[in-house]
Amino acid sequence: MSAGPAPIDRLPTFPWDKLEPYKKTAAAHPDGIVDLSVGTPVDPVPELIQKALVDAADSPGYPTVWGTPELRDALVSWCERRLGARDFGHANVLPVVGSKELVAWLPTQLGLGPGDKVAYPRLAYPTYEVGARLARADYVTYDDPTELDPTGIRLLWLNSPSNPTGKVLSKEDLTRIVAWARSHHILVFSDECYLELGWEADPVSVLHPDVNGGSYEGLVAVHSLSKRSNLAGYRAAFIAGDAAVLGPLLQLRKHGGMMTSAPTQAAVVAALGDDEHVREQRARYAARREQLRAALLAHGFRIEHSEASLYLWATRDESCWDTVAHLAELGILVAPGDFYGEAGDQFVRVALTASDERIAAAVSRLS
């Protein structure tokens, strides 16, 4: 009896492999590559977070999936302080092993399958589609989710600020979308991993009472410490919202052993308790953004959206691969827009995640 296709057969080709030839071209530049393709932090992990990790290094026992009481306290406190959540408790939070793991396996963990639909933005992080494919669910994309046929949609992904475009959904748009989803009994997961990085807009969470009317029913927000605290290497993230959704996920994740390491849990407590390092990192990214943005505009690019997040969404009104090739000749590697959907085929995503020295090198080459 056939077991059916292997999970890998359900997935698209890993997009980043297509960038390798251009990476070689950029790396051949006499002054070396400026890699602005992947949004991976390059700045140091703040010392207070490193210290918390080291102090918790003697952790011989198994950690719990739900996290220590101290971690849950920190998650609740941060959601109330930073996102405006009200009447929050431990049942409203759940740590996860990095946000990508959560995105990829969420449809499966929710029990979605053939005939169920996952909806996500037309320009989006590719892992939303991967999650649907792993669950053998169908998927649909949108510019405005309220214009979708709601039939069969079980999970609606929002992403504000957006990866890759940096677009921010207004409080009014979020309120309208949440009301629409609730009227059709559609579960909303809002990917808010870039919420701390608003430049020309102030991103709002679906957990804010102005958006949800004081109820978390059918709403879960996804947050990560990778970008705000330079903790991509720690795999530190969490979800927060409807306890009726998080409770079953907690039980399922217990069975699957999806535990954040104990030292990482301690590091997250320290990270969420300190706002100063976030302000300092924001300032670094703001300075890099200003320099890169001016250089790209002077080089003939047009920049759309990009009012938040760690990227500039830029175009020369040509095939994204022509732009990638052009910049690779200058020793600069960027991500082609079609990695994020066909609608991005004339754009490139330019990350702000390079050292000040490498950003300066890119600016010099663009001029």
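Up top is the structure.
Residues numbered from 1 in each chain as written. Predicted model: local features only at pLDDT ≥ 70, side-chain atom pairs only at ≥ 80, totals over all residues. Heavy atoms only, no water.

**Q** So what exactly am I meant to see when it comes to the layout of surface pockets here?
**A** Over the atoms rolls a probe the size of a water molecule, and in doing so it shows where empty space is left. Computed from the structure, the largest pocket encloses a volume of approximately 1200 Å³. In this structure, the largest pocket is lined by 47 residues; those nearest its centre are Trp16, Lys100, Tyr125, Pro126 and Thr127. Secondary-structure elements contributing two or more residues to the lining of the largest pocket are α4 (99–109), β3 (117–121), α5 (127–134) and β4 (138–142). Its residues assigned to classes, the lining of the largest pocket comprises 26 nonpolar, 11 polar and 10 charged. Reported here for the second largest pocket is a volume of approximately 430 Å³. What lines the second largest pocket is a set of 20 residues, and nearest its centre among them are Pro121, Tyr142, Asp143, Thr165 and Lys167. (1 Å grid on protein atoms, 1.4 Å probe; cavity = no way out; pocket = protein on both sides within 12 Å on 5 of 7 lines; lining within 4 Å. Points joined across faces, edges and corners; volume = space filled by probe spheres on them. Helix = DSSP H or I, 4+ residues; strand = E, 2+ residues; numbered from the N terminus. Nonpolar A, V, L, I, M, F, W, Y, C, P; charged D, E, K, R; others polar.)

**Q** Explain the pattern of salt bridges here, please?
**A** Pairing of side chains with opposite charge becomes possible as their charged atoms draw close. Under the defined criterion, the tally for this structure stands at 21 salt bridges. The salt bridge involving arginine 358 is made with aspartate 31; its shortest N-O contact spans 3.3 Å. Of the two residues, arginine 358 is situated in helix α12 (residues 356–366) and aspartate 31 in the loop between α1 (20–27) and β1 (34–35); the sequence distance between them amounts to 327 residues. Judged by its relative accessible area of 16%, arginine 358 is buried. The exposure class assigned to aspartate 31 is partly exposed, which follows from its relative accessible area of 41%. Arginine 358 is the partner of glutamate 357 in a salt bridge, and the nearest nitrogen-oxygen pair spans 2.8 Å. Via salt bridges that share partners, Asp31, Glu357, Arg358 and Arg365 belong to a single interconnected network. (Salt bridge = Lys/Arg side-chain N within 4 Å of Asp/Glu carboxyl O. Buried < 20%, exposed > 50% of the residue type's maximum accessible area, 1.4 Å probe, protein only.)

**Q** Got a minute to help me understand the pairing of strand β7 (residues 219–224) in this structure?
**A** Two faces, one strand: in a regular strand the side chains alternate between the faces of the sheet. The buried fraction of β7 is high, at six of six residues. Of the two faces of β7, the one carrying Leu219, Ala221 and His223 and the one carrying Val220, Val222 and Ser224 are both buried. Note that strand β6 (residues 187–191) and β7 share four bridges and pair parallel. Across the sheet, residue phenylalanine 189 finds its bridge partner in β7, namely valine 220. Sheet analysis places β7 next to strand β8 (residues 237–241), joined by five bridges and oriented antiparallel. By the bridge assignment for β8, serine 224 is matched with alanine 237. (Pairing = 2+ DSSP bridges.)

**Q** In this structure, what is going on with the sheet that holds β7? I would like to understand it.
**A** Sheet strands pair by backbone hydrogen bonding; their relative direction is either parallel or antiparallel. The strand order across the open sheet formed by seven strands is β2-β8-β7-β6-β5-β3-β4, and the pairing between neighbours is mixed. Among the strands making up the open sheet, the edge pair consists of β2 (93–96) and β4. Between one strand and the next, the sheet's axes are offset by a mean angle of 20°, whatever the strand orientation. Docked against the sheet, α5 engages β3, β4, β5 (153–159) and β6, running at close to 155° with respect to β4. Seen against the sheet, helix α6 (residues 171–183) touches β5, β6 and β7 and runs at an angle of roughly 170° to β5. (Axes fitted to C-alpha atoms, helices over the stretch in contact; angles between N-to-C directions. Contact = heavy atoms within 4.5 Å.)

**Q** Please clarify how the packing of α4 against α5 should be interpreted in this entry.
**A** The packing of two helices is summarised by the inter-axis angle and the distance between the axes. The contact between α4 and α5 brings their axes to 6 Å, and the two run at 35°. Every pair of crossing elements has a handedness; the one defined by α4 and α5 is right-handed. The residues of α5 that touch α4, namely those facing Lys100, Val103, Ala104, Trp105, Pro107 and Thr108, are Thr127, Tyr128, Gly131, Ala132 and Leu134. (Left-handed = near helix turned anticlockwise from the far one by under 90°.)

**Q** What should I look at first to understand the nonpolar core in this one?
**A** Generally speaking, a soluble globular protein has its nonpolar side chains buried in company with each other. Counting residues in hydrophobic clusters, the biggest one holds 68 residues, and the most contacted among them are Leu36, Trp157, Phe189, Ile239 and Leu292. No other element matches helix α11 (residues 320–329), which puts five residues into this core. The contacts of tryptophan 157, once residues within four sequence positions are left out, are Leu102, Val103, Leu106, Val118, Ala119, Tyr120, Pro121, Tyr128, Tyr142, Phe189, Asp191 and Val222. Tyr142, Leu156, Ala181 and Val211 belong to the second largest nonpolar core, which has 43 residues in total. (Core = buried A, V, L, I, M, F, W, Y, C linked by side-chain atoms within 4.5 Å.)

**Q** I tried to follow the packing of helix α2 (residues 47–55) against helix α9 (residues 262–272) on my own but got confused; where do I start?
**A** Put simply, α2 and α9 touch, their axes get as near as 8 Å, and they point 150° apart. When the interaxial angle is binned, α2 and α9 end up roughly antiparallel. Note on packing geometry: the crossing formed by α2 with α9 is right-handed. Of α9, the residues touching α2 (which contributes Leu48, Ile49, Ala52 and Leu53) are Pro263, Thr264, Ala266, Ala267, Ala270 and Ala271. Residue classes in the contact of α2 with α9 are distributed as nine nonpolar, one polar and no charged. (Parallel < 35°, antiparallel > 145°, perpendicular 65-115°, else oblique.)

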